[in-house]
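Survey of secondary and tertiary structure
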Amino acid sequence: MDAIPLARTRLGEAEHSAVGRVLTSGRLARGPEIAAFEAEFARFQSQSHACSIASGTAGISVVLAALGIGPGDEVLLPALTFVGSVNAILACGATPVLCDVDEESWNIDPNDARRRITSRTRAILVVHLFGLPADLAECARIAAECGLELIEDACEAMGAETSLGLAGSVGTAGVFGFYPNKVVTTGEGGMIVTDDRELHERCQAIANQGRDQRGHFVARGHSLRMTELGAAVGRAQLSSLAPRLRERVEIAERIAASLRELPVRLPCGTSRARSWFTFPIVLPDGSQRSRIVEAMAARGVETAPHFPALHRLGAPYAWLEPEVHTPVAESVGGRLLCLPLWEGMESVHLARVADALREALK
Ligand SMILES: Cc1ncc(COP(=O)(O)O)c(C=O)c1O
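Residues numbered from 1 in each chain as written. Predicted model: local features only at pLDDT ≥ 70, side-chain atom pairs only at ≥ 80, totals over all residues. Heavy atoms only, no water.

Nonpolar side chains in soluble globular proteins tend to end up buried together. Ranked by internal contacts, the top residues of the largest apolar core, which has 72 residues, are Phe41 and Ile192. Ranked by residue count, the leading element in this core is helix α3 (residues 56-66), at six residues. A domain split of this core shows at least three residues from each of domain 1 (13-239) and domain 2 (241-361). Not counting the four nearest positions on each side in its chain, Phe41 is found in contact with Ala50, Met158, Phe176, Phe178, Met191, Val193 and Leu238. If you look at the next biggest cluster of nonpolar residues, it comprises 28 residues, including Ile255, Leu259, Trp276 and Met345. (Core = buried A, V, L, I, M, F, W, Y, C linked by side-chain atoms within 4.5 Å. Buried < 20%, exposed > 50% of the residue type's maximum accessible area, 1.4 Å probe, protein only. Helix = DSSP H or I, 4+ residues; strand = E, 2+ residues; numbered from the N terminus. Domains from an automatic or database assignment. Contact = heavy atoms within 4.5 Å.)

A few words on the site of the ligand. The immediate surroundings of the ligand are formed by Ser55, Gly56, Thr57, Thr81, Phe82, Ser85, Val127, Asp153, Cys155, Glu156, Lys182 and Gly189. Within the contact set of the ligand, an oxygen atom lies 2.8 Å away from a backbone nitrogen or oxygen of Gly56. Contacts to the ligand include Glu156, whose side-chain N or O atom sits 2.6 Å from an oxygen atom. For the ligand, the protein covers 92% of the area, taking 390 Å² as the surface of the free molecule. Looking at the shell around the ligand residue by residue, the classes come out as three nonpolar, six polar and three charged. (Near = heavy atom within 4 Å. Polar contact = N/O pair within 3.5 Å; in protein donor to acceptor, adjacent residues only side chain to side chain. Areas by Shrake-Rupley, 256 points an atom, 1.4 Å probe, with all protein chains shown as cover. Nonpolar A, V, L, I, M, F, W, Y, C, P; charged D, E, K, R; others polar.)

Our focus in this paragraph is the packing of aromatic side chains. Given two aromatic rings, their pairing is described by the distance between the two centres and the angle made by the two planes. Tallying each qualifying case throughout the model produces eight aromatic pairs. Their ring planes at 55° and their centres at 5.8 Å tell us that Phe82 and Phe307 sit as a pair that is tilted. Placement of Phe82 in the loop between β2 (74-78) and α4 (83-91) and of Phe307 in the loop between α10 (289-298) and α11 (327-333) is noted, with a sequence separation of 225 residues between them. Ring centres of Phe130 and Phe307 lie 5.5 Å apart, and the angle between their planes is 15°; on these two criteria the pair is classed as stacked. Pair noted here: Phe130 is in the loop between β4 (121-127) and α6 (136-146) and Phe307 is in the loop between α10 and α11, with a separation of 177 residues, a long-range link. By the burial criterion, Phe130 is buried, and Phe307 matches it. Ring pairing ties together the aromatic residues Phe37, Phe41, Phe176 and Phe178, which thus form one cluster. Over the face of the ring belonging to Trp342 we find Arg8, whose NZ or CZ atom lies 4.4 Å from the ring centre. (Phe/Tyr/Trp six-rings, centres within 6.5 Å; stacked < 30°, edge-to-face > 60°. Lys NZ or Arg CZ within 6 Å of the ring centre and 35° of its normal.)

To continue, consider the pairing of β2. The side chains of a regular strand alternate, residue by residue, between the two faces of the sheet. With five of its five residues buried, β2 lies for the most part within the structure. Because side chains alternate across β2, one face comprises the buried residues Glu74, Leu76 and Pro78, and the other comprises Val75 and Leu77, equally buried. Bridging between β2 and strand β3 (residues 95-99) involves five bridges; their strand directions are parallel. Residue pairing for β3: Val75 is matched across the bridge by Pro96. On the question of chirality, the crossover connecting β2 to the parallel β3 by way of α4 is right-handed. In the sheet, β2 pairs with β4 via three bridges, with the strands oriented parallel. (Pairing = 2+ DSSP bridges. Right-handed = clockwise from strand over helix to strand, strands pointing away.)

Partitioning the protein chain into domains gives domain 1 (13-239) and domain 2 (241-361). Taking only C-alpha atoms, the centre of domain 1 and the centre of domain 2 are 24 Å apart. Taken together, the contact between domain 1 and domain 2 spans 40 residues of the former and 36 residues of the latter. Counting each side, the surface lost to burial between domain 1 and domain 2 is near 3,100 Å², with a carbon and sulfur contribution of 67%. Of all residues in domain 1, the largest losses of buried area upon contact with domain 2 belong to Trp106, Phe130 and Val183, amounting jointly to 25% of the total for that side. (Buried area = accessible area lost by both parts, 1.4 Å probe.)

In this section: the environment of Arg120. Along the polypeptide, Arg120 turns up in the loop between α5 (110-115) and β4. Using a relative accessible area of 44% as the deciding quantity, one classes Arg120 as partly exposed. Here the alpha-carbon distance between Arg120 and Gly72, two residues 48 residues apart in the chain, equals 7.0 Å. Leave out the neighbours within four places in its chain, and Arg120 touches Gly72, Asp73 and Glu74.

A few words on helix α9 (residues 241-259). Compared with an ideal rise of 1.5 Å per residue, which puts 19 residues at 27 Å, α9 spans 27 Å between its outermost C-alpha atoms and is within 8% of the ideal. Leu241, Arg244, Leu245, Arg248, Val249, Ile251, Ala252, Ile255, Ala256 and Leu259 are the residues of α9 that are buried. Residues of α9 that are buried in the fold lie against α2 (32-44), α8 (228-239), β10 (279-282), β11 (336-339) and α12 (347-361). (Expected span 1.5 Å × (residues − 1).)

Right, let's talk about the side chain of Gln45 for a bit. As for its position among the elements, Gln45 is in the loop between α2 and β1 (49-53). Take Gln45: its relative accessible area is 1%, and that puts it in the buried class. In this structure the side chain of Gln45 is engaged in a polar contact, spanning 3.2 Å, whose partner is the backbone oxygen of Ala167. For Gln45, the residues in contact, after removing those within four places along its chain, are Met158, Leu166, Ala167, Gly168, Ser169, Phe176 and Val193.

Here is the structure:
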């Protein structure tokens, strides 16, 4: 019996021919595929500009640097997120300030964020965790009132809709990640979107060794470009996004139905409000999590204990623990478990996941 992976990328004819097209062209970097992917992505997000980038983490870091955020500045972010969110802040020398999350959505609690603002705070990095949009209206209000930048970590939220527009298109800039567990993948990669032309041009320059489009050095830079191969695959993935998002919603609804009788907390919100790249649940007891991961693995079902609160990741991140605690992030982060969700999952897979979890919980 085949193991059921946590994530699986569906790569079809369009992706294969995209790669072939690039190889035939002989142009592997800074060519027409990048230009087309950026234009198509910006159009999809209804934003004026899109800047392709080597990863989601690099994208957040480049946006912060382009906004002039660095040593001595504080950036608010939820304590419950993937480590890439905080690594991006650390990479540009700023100080991350962890905020608690909302009990229901597991996204940043705007009231808690407001309490942590100091004279050094420069930005709020909202994360749309597990594809569910955070409370952007309230975060935007706080940012406007306090003169802060609002940056969206939309790495997990490709195609998620909010009342203000698509996730990633509401703040000063939005950043997407294209690792293969995501709904759109380029292998490795990411995208920055914004309506601010100057910010976009600074991001482009920082990602390209500090050079502007004419080759002049205008910023201290880095080498963080996407490849033509990645961009070509990304274009194919983006063009098939709508039906794939719908399929993921249907699968999420079926997973939820299959787990309804089990003593676990299911992700909140209507299933359509999320862009589903995994199926997160909260276990009744975090001390059982490792055992449950192992028991399900023994039955051929891959799961992941994502995400612990950032300051619970281990020694390198322990210093992030805030003086004023983040009890919800700790409690939820100590009990989260991600279950497989990918396009093409069939009833037999869903039944095996539910059975493995039921047995493991006994
Ligand atoms: C919430 C969040 N932020 C940032 C990232 C960083 O993405 P990458 O792995 O492309 O650097 C990810 C991707 O996994 C993510 O889930």
